[in-house]
Each structure stands twice: as C-alpha cells, then as structure tokens.
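Residues per chain are reported as follows:
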Amino acid sequence: MDQTRRLFLGAAALGAGGLMATSAQALEHDHGNPGDGGFGRQSVSLPPGAKVAYHDPQDVGAMPDFRFSLDGNRPKVTSGGWAKEATVHLFPISKGIAGVHMFLEPGASRELHWHAIAAEWAYVIDGRCQTVVLDPSGASEINNYEPGDLWYFPKGHGHSIQTIGDKPCHFILSFDNGAFSEHGTFSITDWIDVTPKDMLALDFGLPKDAFDAFPKGEAYIQAGPVVPVSDALDAPWPKESTHKFRLLKDPRALREFEGGTFRLATVDEWPIQKTMSGGVMIIKPGQMRKLHWNVNANEWHYYLKGKGQVALFGSGGRGKVAEFQPGDVAYIPMGFGHAIKNIGDEDLEIVQTWDNGKFEEIDLDTWIKSSPRYLLSNNFSGVPGETLTKLKRA
C-alpha cells in the first residue's frame, strides 16, 4: 500500500463512523479583502496566503451518513414471501438509487406489475426463478434464473417473478431512482380491485360477477403450488436484446484487480441495460479497492458477506468512514472519492450498482503516476522526493 493510501486510511481510522480529523480546524480563514488582486487585465499578485485552504462549515455543510441497514429494516410480508427496501425516504443520501431485498417461497410469485418511475436491475442470491416481461410492442420474454444471474427491466415494462423448484429464491433489486418504493408499484390485483366491474366485464368479455372471486386488494407476493423446474419452460430473446445476463458465467464480465475480483455488466456487454450497470466485487482479507471516484454515476452497495470499511471523501475538507456487515447498504454520490477495505477474516462480497449504463471511474494512483514529477512536488509541498518517487512507482 503506498504512502497516500496509508495516510488516508490512517486518518479515517481516527473516527470510524464519524468525521475524519482535518487540519482545517486549526487554521484561520484564507479570505482576502473585496477587490484584492485587481480587476480584469489589471490583475496583480497578492502576498502568499495560508499554506492550505480553510473550509468554512457554513460553505460545505455536514457529511451525510452513507450507511443503512437494509436487512435491519421492517419487511413487507404477504402470503408468499417478503421484501425490505432502502429508499431516499429512509436513507436520505440515496437520491439516485433505491434497493430491495426480496424473498419468495417455493411456488410464490411477485405478481404482474410495473414501475412508473424506475428501471429494475436484479442479482439472484439463491434459488431459482422465472420472469415474464412485456414491452410496449406487445412482445414478451420468459427467462429462468439461477444464483449469480442478472435481469433488467426498463422503466414501465410489465413483468412478474415466480420461484421455480422446491427451494426459496431471494434476490437483490436495484432501481435507478432513489424515490422509488417497491411497496408502491402498479400491481394488477390492486388495479382490478379498484376498477368498476362493468368496465372489467367490457374489457375482458366476462360477466361482472366473475370478478367477485378476484383478490380484494393487492396480492403483492402470492403463495402457490410448487412449479417444477421441468415445467418452467423459458422463451428467451436473442442475446442482443435479452433481459437476462449470466454474470458469473459470461467471460466478458470479469475484471480482476489487485486484491480481488470484479464481475461487471454494462451496456457494452448487455445492450438492454441502458440506464444502469452492476455486478459483484470480492475483496480478499486485508486488501482493498483503492481510492477512486465515479465520473458519471452514483454507486450503491449491498453487502452479502464479510466485514468491510468504506472511507468517503466529499470535498471541502470532509471525510467519513463507516463499517459494513451483511445486510447493510452503502451509497456513494457521483464524484465522491472512496476506497473499500476488507477488515474481516473472510472474503468481502458486495453487490454493486450504478445509475448509468456506461461505467466510468478514475483511480487516484493512476492520476498520480501520469502526473509530472515537478507537479507532484508542487502539489505535495514538503513531502520528501524519495516518497514522491515511491508514490509514482506504487
């Protein structure tokens, strides 16, 4: 680990779960007088100011909490399973992405529904399921899923999810709108229940009293008989348009890094996924995903396994550190610098999503290595030359 990483994480450790210590607290302000420095072409030099800038808390505001216990939240439970969610209403920093952990019992289905304000991305944790999706052209696709598979449904497209086989199925859902709530979707049982029966009769060509047997309210996750895997026949679309991606089996997804592995699906590997990217990162004990930032998207984590620590940099002298365990979620706003470290004794496994189909990030050490030595000497004034040499080689 190079010197800057040690300094960053060492400072972070001073206040795990709280603000990192900064030198700004000990400084006087760095403001000149109005008009100092001249105007237009008559601008002039000023005497040297403070060695480092002062960040007025009134200017930069407090660093927001970026950890939330998704699985510690209260579930919505119906006859066939449950769902827990993390939205901006519960987790205020998460303006761009919402998340859900959903669990379906054998035979249960998440009924036919759609989302008016968000696309849906999913990672299957365990079990097997089948989805049916309908697009505006009237074309439908049926896909079967195993652990490690992904699905993506564009905003507004009708879809359903049903467990197949005799084992429960659960999965992580991520949505490209932090205000989206899984508990407020457009479900067909709810719609039929509130629609006048004469209109239903006219639409479906049935007598009005036929609708007396329909559910009185939203079924949401409905219990039902087990569907044998052999009976659950799929009807997939061609690869270039399919709603399914085999994250753990598609070689295009693998992106190794020092200290772990990363499997990622973007719009380049999976064309239908235009508004999101996502995958799974595994970090070995004691290793970390080094300091970097995302150029074009917010980042969302769900911690599947292990114990992690995230150090977040929010500009203006602000930093915050939080520790994560299974069931927690993290939210990294676009442009915020961050690093992820495995502080446990087993692999750290994280489901990650971004609210952009194109995945773009910049690593701090890559930037330093590409910068001229004289620039680094100026930028890190007072740092020994030997340290800067090691910094560029790290």
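Residues numbered from 1 in each chain as written. Predicted model: local features only at pLDDT ≥ 70, side-chain atom pairs only at ≥ 80, totals over all residues. Heavy atoms only, no water.

Side note on the pairing of strand β10 (residues 158–163)
Turning to step 1, where the next piece is worked out: For strand β5 (residues 109–114) and β10, the ladder comprises 3 bridges, and the chain directions are antiparallel. Bridging from a neighbouring strand, R110 pairs with I161 of β10.
Turning to step 2, where the next piece is worked out: Bridging between strand β7 (residues 129–134) and β10 involves 6 bridges; their strand directions are antiparallel. Bridge pairing in β10 links T131 to I161. (Pairing = 2+ DSSP bridges. Helix = DSSP H or I, 4+ residues; strand = E, 2+ residues; numbered from the N terminus.)

Points about the domain arrangement of the protein
Turning to step 1, where the next piece is worked out: Taken domain by domain, the protein consists of domain 1 (67–244) and domain 2 (250–369).
Turning to step 2, where the next piece is worked out: On a C-alpha basis, the centres of domain 1 and domain 2 stand 27 Å from each other.
Turning to step 3, where the next piece is worked out: Listed as interface residues are 33 residues of domain 1 and, on the opposing side, 32 residues of domain 2.
Turning to step 4, where the next piece is worked out: Each partner contributes to the roughly 2400 Å² buried at the junction of domain 1 and domain 2, and carbon and sulfur atoms together form 71% of this total.
Turning to step 5, where the next piece is worked out: Counting across the interface, domain 1 meets domain 2 through 1 salt bridge.
Turning to step 6, where the next piece is worked out: Residues D328 and R67 are paired through a salt bridge, measuring 3.2 Å at the closest nitrogen-oxygen approach.
Turning to step 7, where the next piece is worked out: Put simply, domain 1 and domain 2 have 14 residue pairs in polar contact (both at pLDDT 80 or more) between them. (Domains from an automatic or database assignment. Contact = heavy atoms within 4.5 Å. Buried area = accessible area lost by both parts, 1.4 Å probe. Salt bridge = Lys/Arg side-chain N within 4 Å of Asp/Glu carboxyl O. Polar contact = N/O pair within 3.5 Å; in protein donor to acceptor, adjacent residues only side chain to side chain.)

Description of the packing of aromatic side chains
Turning to step 1, where the next piece is worked out: Using the criterion set out here, one finds 18 aromatic pairs in the structure.
Turning to step 2, where the next piece is worked out: Measuring from ring centre to ring centre gives 5.1 Å for F211 and F214, while their planes differ by 35°; the resulting arrangement is tilted.
Turning to step 3, where the next piece is worked out: Judged by relative accessible area, which is 5%, F211 ranks as buried.
Turning to step 4, where the next piece is worked out: The interplanar angle of 65° and the centroid separation of 6.0 Å between the aromatic rings of F262 and W354 together place this pair among those described as edge-to-face. Linking F262 in strand β16 (residues 260–265) with W354 in strand β24 (residues 348–354), this pair joins segments that are 92 residues apart in sequence.
Turning to step 5, where the next piece is worked out: Classification of F262 by relative accessible area gives buried; the value is 6%.
Turning to step 6, where the next piece is worked out: Grouping aromatic residues by their ring pairs yields a cluster made of Y145, W151, F153 and F171.
Turning to step 7, where the next piece is worked out: Lying across the ring of Y220, K76 places its NZ or CZ 4.0 Å from the centre.
Turning to step 8, where the next piece is worked out: Taking NZ or CZ as reference, K244 lies 5.5 Å from the ring centre of Y145, over its face. (Phe/Tyr/Trp six-rings, centres within 6.5 Å; stacked < 30°, edge-to-face > 60°. Buried < 20%, exposed > 50% of the residue type's maximum accessible area, 1.4 Å probe, protein only. Lys NZ or Arg CZ within 6 Å of the ring centre and 35° of its normal.)

Section: the UniProt feature "domain: Cupin type-1" (unreviewed entry) in the protein
Turning to step 1, where the next piece is worked out: The residues that UniProt annotates with the feature "domain: Cupin type-1" (unreviewed entry) are residues 68–212 and 245–389.
Turning to step 2, where the next piece is worked out: Across residues 68–212, helical content stands at 10% and strand content at 43%; the span's end C-alpha atoms are separated by 43 Å.
Turning to step 3, where the next piece is worked out: What you have in residues 245–389 is 12% helix and 46% strand, and the ends, taken at the C-alpha atoms, are 44 Å apart. (UniProt positions renumbered as here; feature names shortened; annotations may be inferred.)

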